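The residues making up each chain are set out below.
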Amino acid sequence: MVQPRARKAHSVSERAVCGFPFPRAPWLKSHWLAPLIATALAIAPGFSAADSSREVLNAGTLTATGRVLFPDGSPAADVIVSVPGNNIEPGLSVRSDAKGQFQLRHVFGTRCGIHAHAPDWRLQSTFSVPTDRARLALKQPLELKLQPARQQRVLVKSGGHPAKGVLVAAIHPAFKTEGRTGPDGEATVWLPQGRDWDEIAAWDPKLGGAEKYCMGLSPPPGVVELSLLAPKPRVIRVIDERMRPMRDLPFTLRCNTCLSEYFSAYEFEGARVRTDSRAEVTVPWLPADISSIDLGPPGPRWRKMDHIFMPSKASHGVMTVQVRGSHAVSGRLIMAGGAAGEGILVKGMGFGDGHNLDITSTRVRPDGTFTLLAASDCGYVVEICDDQWTCNAWTGVLLPKRNTDPARITLQAYAATPLTVRVTRGPQKEPWTNLVVNVEQRTTFQWTNSRGELQHCAGGMTKEPKIEADGTARVGVRPGECELSFRSGAWTEMRSLNVDADKPASVTLHRPWKDQKAQEVAGHLTEKGRPYRPTSATALRAWSTGAHTLGTPAVTRILPDGRFTIAPETEHACVYAIDSPKGLNAFRLIDPKDYMANLELALVPMGFYSGQVIDEAGKPAAACRVQLVATLPPDQLWSDKIVLCETQCDAQGRYRFDRAPTGVRVWAVVVVPATEFSPARLHRIAGHSLLLEPAGRREGDRLRLVLEEQEDPNPRPLSRRYESAADRLAELTRDSAACDLRVLVGATGDLTDAVEETWLDLVDESRVNESLRYLPIWVPADELRAQSRLFSQLNLRQPKAGEILLVALDGHGKRLDFLYVAVRSDSSVFRLGLNFLRRHSAPTRNAQKLVEAARHQAQASGRRVWIIAGDSRRENYFRLARWLQNQHDLLDRDYVFVKLLKGCDDNVDELGQALHLGDKNAPWFALTDAAGTVLAASNGPLGSPTDTKRQLGRALQATARRLTPTDIERLIRSFGA
């Protein structure tokens, strides 16, 4: 069951997935707030009117009116009044009129903040309330009185030098202010009185970007310094769920590196990019060490980002992003007692292919109806978010598949149960107002996608009530389980509560210490029992190590006499002191009892540690970095932030620590450098924890890299760009021979929607099941000239404008037939193509009969039966099938093989059920004896090559009879080679 974590509205997903662009895998879903509806008049309607998206824009909003005043109370004309945007909802800005009046129409679905400022930013005012209170708070006109703003200086560097002309933005849910750096690299951003920034971002179209997030703490005083991440131009291609290129699509980006660095360009209008006629755009300022990207909202044309496919050698650096189109879904809210429901917020959370969620929201119309924009083939939980009203969540599939009638949603509203949260801190239990409280109520549900796969999901409403001056927050909730989280900087605490429908609920939280940090830990350095006077080289570092803050740096101070203080943000922490020239160090864990004591940190001699980093083949891994990372008992937790020391490997992968930590257990972590086709990656070396005694030595350690890959759905491509379609055809022909399939070559004569739609309809397995019996390759019109070698090889002319060419080939590459189809508006074109596919498709087989025949053969020869099942849209299935074919002579000693394909062969799922597989989602394998008893099986759907290799090794070792250990080792080594 997937349970997304609550995050701030403008955060994004943590991972991207390497693979190929075809949307098939229902892989693990983690919380990513995908783009939802564009909400304001400022958004250009560049989308299909058939979606009724314009109706959503005009009807599902609240209207905020009011006036802006100067500090002396006079009307403030021509003042900019805006709703700050984020990665879910675009922002909106208007100008006040001569009387200082303004009007804004917005959903206010993720936040309700309004910011007024003079054009020079020197006068500002803000207004904000929780979104569940927005409909009531905005009924009356607002009065925004401008006040003098205060300065925040920001220093931006690039390559260690001041960067001139860089845009800088200070960001908060209630405001966004901007500035630009001067020749000294400094910019001044003006902040509203009484408000602190949450994030400061910098961006330059050539130099790159950077961002700093203060994690809810009071921002550091003085100048904030940012270092731009070194850029490298990258190509991004955007396709929709049907593999159609998304041309002329505008969007913004957030970038992540493997070393937890990131920056968001959502806030900068100049960072907005647009795809060209090939659905591609070259972005010059992306980080060179990029690990993933996330797209900002381009408008209501699309809803959900399914997958991000990072570069591979075949794609020559192109990052492919797949998005899912938007469709309008209607619903009605029925209010108890005939109450008015106008303006109540309706929110939906959608689950589907990919890691990313769809968060969609709208407001109820005066007649009780509402319209949500949703994505097809996704399971949704839909409910209302209001301070006074609640409802039982609606769950299900809003749009079962493309071109089907959407579900109609009916929500029954009833009075919310009042929940009071009181938070205090310090010895006097003073009210605590500057922390974040999240109240979450989840709904678990199941849904079945268009491929018949059962999905288990959990999602629902999260509210962030405002804490009043007395330390009390009030919010309306529905009866049932309620999860509360409290956060202030790195400090976090969780509470669970069961809310009774018949009586109000309350929660009280008290933190014993008053400041953001728990309180300072005082101590002193010693050596051999005597006070130690630090030198200029003596360094002291500390980290907070609470359950939710593992590895957050803590502020330290060291005095000339050896006394020191540490200010962690949690009750648990660790501290490390080092005097490298003298070869001394000390490490110590800190727990609550140490806050009242004078902590002694005893320095002891450092040690020596050396070895070599090798790859999976045993060859030296050059240019890597080795880090020694502290682990924390009792479970030996570790964080990549608690790095005690690191060194660079030489050309032979050798590393050496002349000053290695002693008295602390560490993990060896290898940082593999970035290449043209993959980002830098961190790898903890399993089994290589290290504990050196004072002055201890350990030499000759071999750190073997097992490159953990991200989950690998590895779908087979339809629209991916190839250097050579002829070479790709040879690969598909090889795979079709291994699995008794056909190859389908498609080429389109122009880029019109009608022509491309016809091809996509024919290879859409939800419409044409026969398409699963083909391995397709598509040459779009703008690639015809570049792929002329393919047509020469097929001995066929290229399709003309308005035409589609279909070619069927067998597993030997022999051309079975071809068909040129002139695309017209009638459905006969589709029928012609469908008949062509049916005429030449591979025959359907009965999986159970194939297995039964294999068992008879196994019984006669004393072998096992090895069954693999997958589908023709998964590369990892074919990787396994190719391996079985390549190693057939050796594996044939012990196994009889049955290769099955879901959608092509009958009774595949029934066979998986008969084998008692826990997870029948393809691809999977099972090894049985001749009687049908399962001896070994894959543990869930096969993922990355590394994961598959491990599972194959276990299966071979458990079932082989005639294969020797040497044979098995050779077989496993050969997988993926």
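In this text the structure is predicted, and so the values were computed from the model without any measurement. (Residues numbered from 1 in each chain as written. Predicted model: local features only at pLDDT ≥ 70, side-chain atom pairs only at ≥ 80, totals over all residues. Heavy atoms only, no water.)

Examining the overall build of the protein
- Of regular secondary structure, the protein possesses 12 helices and 65 strands.
- Among the 977 residues that make up the protein, the fraction classed as buried is 58%.
- Partitioning the contacts of the protein with sequence separation of at least 6, the portion at a separation of at least 24 is 68%.
- When the accessible surface of the protein is summed, it comes to about 39500 Å², and 48% of that surface belongs to carbon and sulfur atoms. (Helix = DSSP H or I, 4+ residues; strand = E, 2+ residues; numbered from the N terminus. Buried < 20%, exposed > 50% of the residue type's maximum accessible area, 1.4 Å probe, protein only. Contact = heavy atoms within 4.5 Å. Areas by Shrake-Rupley, 256 points an atom, 1.4 Å probe, with all protein chains shown as cover.)

Observations regarding the packing of helix H3 (residues 725–739) against helix H8 (residues 875–886)
- Contact pair H3 / H8: the axes reach a minimum separation of 10 Å and the direction vectors enclose 70°. The pairing of H3 with H8 is recorded here as roughly perpendicular in orientation. From H3, Arg 734, Asp 735, Ala 738 and Cys 739 reach across to H8, where they touch Tyr 877, Phe 878, Ala 881, Arg 882 and Gln 885.
- Of the residues belonging to the contact of H3 with H8, the class tally is five nonpolar, one polar and three charged. (Axes fitted to C-alpha atoms, helices over the stretch in contact; angles between N-to-C directions. Parallel < 35°, antiparallel > 145°, perpendicular 65-115°, else oblique. Nonpolar A, V, L, I, M, F, W, Y, C, P; charged D, E, K, R; others polar.)

Observations concerning the pattern of salt bridges
- As enumerated under the stated definition, the model contains 38 salt bridges in all.
- Residues Glu 493 and Arg 495 are paired through a salt bridge, measuring 3.3 Å at the closest nitrogen-oxygen approach.
- The exposure class of Glu 493 is partly exposed, given its relative accessible area of 27%.
- Between Arg 863 and Asp 892 there is a salt bridge, and its shortest N-O distance comes to 2.8 Å. Taken as a pair, Arg 863 in the loop between helix H7 (847–861) and strand E62 (864–870) and Asp 892 in the loop between helix H9 (888–891) and strand E63 (895–901) lie far apart in primary sequence, 29 residues in all.
- What makes Asp 892 partly exposed here is its relative accessible area of 31%. (Salt bridge = Lys/Arg side-chain N within 4 Å of Asp/Glu carboxyl O.)

Quick notes on the nonpolar core
- Formed by 46 residues in total, the largest nonpolar core has its most connected members in Val 745, Trp 866, Leu 880, Trp 883, Leu 891, Phe 925 and Leu 956.
- A total of six residues in this core trace back to one element, the largest contributor, which is H8.
- Beyond its immediate chain neighbours, meaning those up to four positions away, Leu 891 contacts Trp 866, Trp 883, Leu 884, Phe 897, Leu 956, Leu 963 and Leu 971.
- Among the nonpolar cores identified, the runner-up in size contains 31 residues, and Tyr 576, Val 613, Ala 668 and Ile 685 belong to it. (Core = buried A, V, L, I, M, F, W, Y, C linked by side-chain atoms within 4.5 Å.)

Some remarks on the sheet that holds strand E54 (residues 654–660)
- Within the open sheet, the three strands sit side by side as E54-E51-E57. Their pairing is mixed. Because the sheet does not close on itself, it has two edges, and the strands there are E54 and strand E57 (697–704). Averaged over neighbouring strand pairs, the angle between their axes works out to 20° when direction is ignored.
- Pairing between strand E51 (residues 607–614) and E54: five bridges, direction antiparallel. If you follow Ser 610 over to E54, its bridge partner there is Arg 656. (Pairing = 2+ DSSP bridges.)

Regarding the sheet that holds strand E5 (residues 101–106)
- The strand order E5-E2-E8 describes an open sheet built from three strands, whose pairing is mixed. If you trace the sheet from one side to the other, it starts and ends with E5 and strand E8 (142–145), each paired once. Here the average twist between neighbouring strands, direction ignored, is 30°.
- Bridge count for strand E2 (residues 62–69) against E8 is four bridges, and the pairing is parallel. Opposite Leu 69, over in E8, you have Lys 145 as the bridge partner.

Looking at the pairing of strand E30 (residues 369–374)
- Burial runs high along E30: six of the six residues are buried.
- Residues Thr 369, Thr 371 and Leu 373 point to one face of E30 and Phe 370, Leu 372 and Ala 374 to the other, with burial holding for every one of them.
- Across six bridges, strand E27 (residues 327–335) lies against E30 in antiparallel orientation. Looking at E30, one finds that His 327 is bridged to Ala 374.

Topic: the packing of helix H4 (residues 753–762) against helix H6 (residues 828–840)
- Interaxial distance between H4 and H6 falls to 10 Å at its minimum, and their mutual angle equals 35°. For the crossing formed where H4 meets H6, the hand is right-handed. Across from Thr 758, Asp 761 and Leu 762 in H4, the residues of H6 making contact are Val 829, Phe 830, Gly 833, Leu 834 and Leu 837.
- The class makeup of the residues in the contact of H4 with H6 is five nonpolar, two polar and one charged. (Left-handed = near helix turned anticlockwise from the far one by under 90°.)

Here's the deal with the environment of Thr 417
- One can find Thr 417 in strand E35 (residues 417–425).
- On a C-alpha basis, the gap between Thr 417 and Pro 504 in space is 5.8 Å, while along the polypeptide they are 87 residues apart.
- Excluding residues within four positions of it along the chain, Thr 417 makes contact with Val 475, Gly 476, Val 477, Pro 479, Val 499, Asp 500, Ala 501, Lys 503, Pro 504 and Ala 505.

Some words on the packing of aromatic side chains
- Evaluation of the coordinates by the stated rule reveals 17 aromatic pairs.
- With a centroid separation of 5.7 Å and an interplanar angle of 75°, the aromatic rings of Trp 883 and Phe 975 are classed as edge-to-face. Of this pair, Trp 883 sits in helix H8 while Phe 975 is found in the segment after helix H12 (965–974), placing the two residues 92 residues apart along the sequence.
- Residue Phe 975 is classed as buried on the basis of its relative accessible area of 3%.
- Ring plane angle 40° and centroid distance 6.3 Å describe the contact between Tyr 895 and Phe 897, whose orientation is recorded as tilted.
- Looking at Arg 697, its charged tip hangs above the ring of Phe 608, at a distance of 4.1 Å from the centre.
- Over the face of the ring belonging to Tyr 820 we find Arg 797, whose NZ or CZ atom lies 4.0 Å from the ring centre. (Phe/Tyr/Trp six-rings, centres within 6.5 Å; stacked < 30°, edge-to-face > 60°. Lys NZ or Arg CZ within 6 Å of the ring centre and 35° of its normal.)

As for the side chain of Arg 237
- Along the polypeptide, Arg 237 turns up in strand E18 (residues 234–239).
- A polar contact is formed between the side chain of Arg 237 and the backbone oxygen of Arg 278, at a distance of 2.4 Å. (Polar contact = N/O pair within 3.5 Å; in protein donor to acceptor, adjacent residues only side chain to side chain.)

Regarding H4
- Of all 10 residues in H4, seven are buried, a share of seventy percent or more.
- Of the positions making up H4, those classed as buried are Val 755, Glu 756, Thr 758, Trp 759, Leu 760, Asp 761 and Leu 762.
- For H4, the elements touching its buried residues are strand E58 (742–748), strand E59 (774–779), strand E60 (803–809) and H6.

Section: the environment of Phe 657
- Within the secondary structure layout, Phe 657 lies in strand E54.
- Measuring from C-alpha to C-alpha, the distance between Phe 657 and Tyr 609 comes to 5.0 Å, with 48 residues separating the pair along the chain.

Topic: the environment of Leu 760
- Topologically, Leu 760 is positioned in helix H4.
- Taking C-alpha positions, Leu 760 is 7.7 Å from Arg 244, a pair spaced 516 residues apart along the chain.

A look at the confidence of the model for the protein
- When pLDDT is averaged across the protein, the result is 84; 87% of the residues are at 70 or more.
- Model confidence for the protein, summarised as mean pLDDT per element, is weakest for strand E1 (residues 33–34) at 31 and strongest for E8 at 97.
- Taken together, the stretch residues 1–57 has pLDDT below 50 and engages in 226 contacts with residues farther than four places along the chain or on a different chain.
- Long-range and interchain partners of residues 708–714, a stretch whose pLDDT sits below 50, account for 36 contacts in this model, where long-range means more than four residues apart. (pLDDT = per-residue confidence, 0-100.)

Quick word on the side chain of Thr 748
- In this fold, Thr 748 is placed in strand E58.
- Among the polar contacts made by the side chain of Thr 748, one reaches the side chain of Trp 778 at a distance of 3.4 Å.

Remarks on unusual backbone geometry
- In this structure, Lys 429 is a non-glycine residue whose phi angle is positive, near 50°.
- Take Lys 429: it is sitting in the loop between E35 and strand E36 (430–431).
- Look at Asp 740: it is not a glycine, yet its phi comes out positive at around 55°.

Some remarks on helix H11 (residues 945–959)
- Helix length check: H11, at 15 residues, gives a terminal C-alpha distance of 21 Å against a target of 21 Å (1.5 Å per residue), a fit within 8%.
- Within the sequence span of H11, burial applies to Pro 945, Thr 946, Thr 948, Gln 951, Leu 952, Gly 953, Ala 955, Leu 956 and Thr 959. (Expected span 1.5 Å × (residues − 1).)

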